Structures are given as C-alpha cells and as structure tokens.
Amino acid sequence: MAVATAAALLAALGGALWLAARRFVGPRVQRLHGGGALGLMHGKTVLITGANSGLGRATAAELLRLGARVIMGCRDRVRAEEAAGQLRRELQAGESRPDPGAGEAGELVVRELDLASLRSVRAFCQEMLQEEPRLDVLINNAGIFQCPYTKTEDGFEMQFGVNHLGHFLLTNLLLGLLKSSAPSRIVVVSSKLYKYGDINFEDLNSEHSYDKSFCYSRSKLANILFTRELARRLEGTNVTVNVLHPGITRTNLGRHIHIPLLVKPLFNLVSWAFFKSPVEGAQTSIYLASSPKVEGVSGRYFGDCKEEELLPKAMDESVARKLWDISEVMVGILK
Ligand SMILES: NC(=O)c1ccc[n+]([C@@H]2O[C@H](COP(=O)([O-])OP(=O)(O)OC[C@H]3O[C@@H](n4cnc5c(N)ncnc54)[C@H](OP(=O)(O)O)[C@@H]3O)[C@@H](O)[C@H]2O)c1
Ligand SMILES: *[C@@H]1O[C@H](CO)[C@@H](O)[C@H](O)[C@H]1NC(C)=O
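Residues numbered from 1 in each chain as written. Chains lettered and ligands numbered in written order. Predicted model: local features only at pLDDT ≥ 70, side-chain atom pairs only at ≥ 80, totals over all residues. Heavy atoms only, no water.

Quick word on the nonpolar core
The biggest cluster of nonpolar side chains holds 52 residues, and the ones touching the most others in it are Leu47, Leu135, Leu170, Ile186, Ile199 and Leu230. Put simply, the parts of the chain that give this core at least two residues each are helix H4 (118-131), helix H5 (158-180), strand S5 (184-189), helix H6 (212-233), strand S6 (239-245) and helix H10 (317-331). By residue number, the principal contributor to this core is H5, which donates 11 residues. Counting 34 residues, the second largest nonpolar core, distinct from the first, contains Met41, Val46, Ala68 and Ala289. (Core = buried A, V, L, I, M, F, W, Y, C linked by side-chain atoms within 4.5 Å. Buried < 20%, exposed > 50% of the residue type's maximum accessible area, 1.4 Å probe, protein only. Helix = DSSP H or I, 4+ residues; strand = E, 2+ residues; numbered from the N terminus.)

Okay, here's the thing in structure tokens:
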C-alpha cells in the first residue's frame, strides 16, 4: 500500500517536472495566435469589464498595443489606476525597443463599474453614453468564482448577479451605442464549467440551497444562453456576439478557494506547469475582439481561437428566451 502510494506520488511529481521542463524549453509563442497587426484597432473603442486583473488585464494590454482606446470598467478605482499605470509603462518599455513596425498605440481610460450593483451599472452606462461617441467592442470579462454565499446590492446571489445579471443590464444599456458604431462586437467570457450548471428558474437567487460550484457553473451557462439569444436578436444589425472559454489560467480567480499551506507548493508547481499564463488565456478574447477572420460570425462558442461544440443544454432556445425574459424583470428593464 505505502509502496504503491509512494510510487504514484513519484510518478505524479515526475510527470509534473517533465511537463514543467517541456513548458520552460518549449515554444511558448506557438500558443499565442490571437493577436494581430499593430494599428489593427486604431480608432476603435473597447470596453473591458474587470480589466485590472488576470485575463481582462492581459486583453487590455494587447488591444492597447493594437491601437484601441481601451476603457477599463472596474469596481475599484485605486486597483484599476494602478493596473493602468503598469500597462502604460509596459507599453512604453516595449516601444522604446527598436521596432520599425510599431504603430500608434491606443489609450487607457479607467471608469468605475461595480457589476454587483445595478445602480452602479446604470451610472456607468449613463457616463459612457454621455462621454463616448462610439463603442466598437464590449468584452464581458469580469467574474467571480465560488465565493461564500453573498448577495449583491439588489439581493441577487453574487455569482449569478455579477457574472450574468450585471453584464445583462450593462449590455442592454450599451446596445444602442454598439449599434450606432456597427460593425461592432460583443465578446462574452464563459467557462467550460458551464457543463455542470443548470438554469433552475425556481431558485435563481439560491435562497433554498447554495452550492458555490453549481452557482458558478450556472452563471457561466447563463453567459452562453445570453450570447445565443442576443445573437438571434441582433441578426441584421452588424453587431455580433460570441462566447468563449479561456482554458485554465493562472489569475486571481481562485481567491475564494483555500488551499492548505502544505499543499500550496505542489499546487503552485502544477499550476505553473499546466495552467495557461494570463497572456495565453486571453488569446481567444483578443481574437474575437479584433480578428478580421471572425467578422460577421455570431452566436458561436470558441476555445483556443477555434469554434467548439456546445452541449445541447447550452443551445436550448426556449431556456435562453425564458432566461432573457426573467433577467429583464430582475434588472428592471421596462419594455
Ligand atoms: N482563470 C481561469 O482559469 C478561468 C477559466 C474559465 C473562465 N474564466 C473567466 O474569466 C473571467 C476573468 O477572470 P480571471 O481569471 O481573469 O480572474 P481575476 O483575475 O479574478 O479577474 C476577475 C476580474 O473581475 C472583476 N470583478 C469581480 N467582481 C466584480 C464586480 N462586482 N464588478 C466589477 N468587476 C468585478 C475583478 O475585479 P477586482 O480585481 O476588483 O476583484 C477582476 O478585475 C471570468 O469571467 C472567469 O469566470 C477564468
Ligand atoms: C451591415 O453591413 C453591410 C456591409 O457593410 C451594409 O451593407 C449594411 O447596410 C449594414 N447593415 C446595417 C443594418 O447597418
């Protein structure tokens, strides 16, 4: 028994080390295929929610480099300004290297947006409509993962409230601006974990029972159903909407997961060996936001910059419509 356990442990450790070594030596660049030519996004305005951390930050950095005006929709101004300052410095450092192809870089703007507050979403959108003449790309990226049971300002279960409802209201309030800027794009960041979710209409706020992983999966399934219903509604407008899963990426998303101190080094090794870096994880977001290859494509699900198939439950049109209608009532959009 002990020998078998030791052997398994050794094999696991050996495997991890081998992968780590391969990763270290291997051509990492091959995993980056979402980017485009410098200047590709020049003159375009992009809004990224949760752009101060992880995937959103890496997406902002690349779209900035491609010349976009990037609006960082963030709940904490201090954290967001700090991230924006770092991104500007990184960009400048990159530009000072001799690079004949370097185009005009874009600019970064921080605006306050707390998706756990409908009031904040409305105030944010009002400011956007007053101050931004156009919006070419909206990236619904912010997310919260497996937090303890909490409610948003408006009484929604936090993961459903932030990941789905906050973005639902945000998108609806910005649709007019996206339409007047067409051709324009909406990009929704979901997760493969949608597979373990279900839209249980009878308890959307988890008042009867709360399972943090089910609720995360449910919110990510909602992201996909939302995308498909919105794509249907946007037919003929030249506004497209697509959804993606980034793959497992080293970010701050796991902040609510407690890993025992003793296991931490092993976890760090495994995550370093197996997880994507934020830049790698952001490639599909960048691709869907900027690549000419997906012009006109709408209502699809992507991973690693390629279209992927969905489970039938994520393609159920009647559930998608019902979720849309209920979401309208929950966020108080009057018809
Ligand atoms: N990392 C992965 O392996 C993975 C896998 C599948 C899907 N995803 C998805 O990828 C997206 C980005 O996550 P990440 O991995 O980059 O995690 P992250 O580093 O934790 O970034 C999440 C961002 O969302 C923001 N956010 C959280 N609650 C918010 C609220 N109420 N209002 C506004 N912004 C809020 C965070 O702001 P603060 O910094 O202020 O907290 C942060 O900027 C999420 O939608 C997640 O579900 C990630
Ligand atoms: C959509 O784009 C096409 C091609 O540019 C254009 O002909 C058409 O008028 C546009 N439709 C709308 C509703 O803007």
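Once the structure has been displayed, the description carries forward.
Concerning the pattern of salt bridges
Throughout the structure, instances matching the rule amount to 19 salt bridges. Residue Glu90 pairs with Arg57 through a salt bridge whose shortest N-O separation is 3.4 Å. Highlighted residues: Glu90 in helix H3 (residues 77-95) and Arg57 in helix H2 (residues 54-65), separated in sequence by 33 residues. The shortest N-O distance in the salt bridge between Arg111 and Glu131 comes to 3.1 Å. (Salt bridge = Lys/Arg side-chain N within 4 Å of Asp/Glu carboxyl O.)

Re the packing of H6 against H10
At a minimum axis distance of 9 Å, the contact between H6 and H10 shows a crossing angle of 95 degrees. Between H6 and H10, the angle falls in the class roughly perpendicular. On the side of H6, the interface is formed by Ala222, Leu225, Phe226, Glu229, Leu230, Arg232 and Arg233, while H10 contributes Val319, Ala320, Arg321, Leu323, Trp324, Asp325 and Glu328. Tallied by class, residues from the contact of H6 with H10 come to eight nonpolar, no polar and six charged. (Axes fitted to C-alpha atoms, helices over the stretch in contact; angles between N-to-C directions. Parallel < 35°, antiparallel > 145°, perpendicular 65-115°, else oblique. Contact = heavy atoms within 4.5 Å. Nonpolar A, V, L, I, M, F, W, Y, C, P; charged D, E, K, R; others polar.)

What about the packing of aromatic side chains?
Describing an aromatic ring pair means giving the distance of the ring centres and the angle of the ring planes. For the structure shown, the criterion picks out eight aromatic pairs. Considering the side-chain rings of Phe145 and Tyr216, the 4.6 Å spacing of their centres and the 90 degrees angle between planes classify their relative orientation as edge-to-face. Residue Phe145 is found in the loop between strand S4 (137-140) and H5, and its partner Tyr216 is found in helix H6; the two are separated by 71 residues along the sequence. Across this residue pair, the class does not change: Phe145 and Tyr216 are buried. Note on Tyr149 and Tyr210: the rings are 4.8 Å apart at their centroids and 55 degrees apart in plane angle, and the pair reads as tilted. Note that Tyr149 is positioned in the loop between S4 and H5 and Tyr210 in the loop between S5 and H6, a separation of 61 residues in sequence. Of the residues examined, Tyr149 reaches a relative accessible area of 35% and is grouped as partly exposed. Using a relative accessible area of 24% as the deciding quantity, one classes Tyr210 as partly exposed. One aromatic cluster in this structure is built from Phe168, Phe226 and Trp324. Here the guanidinium or amino end of Arg218 rests over the ring plane of Phe160, the centre of that ring lying 5.1 Å away. (Phe/Tyr/Trp six-rings, centres within 6.5 Å; stacked < 30°, edge-to-face > 60°. Lys NZ or Arg CZ within 6 Å of the ring centre and 35° of its normal.)

Just geometry here; none of it tells us what the structure is for.
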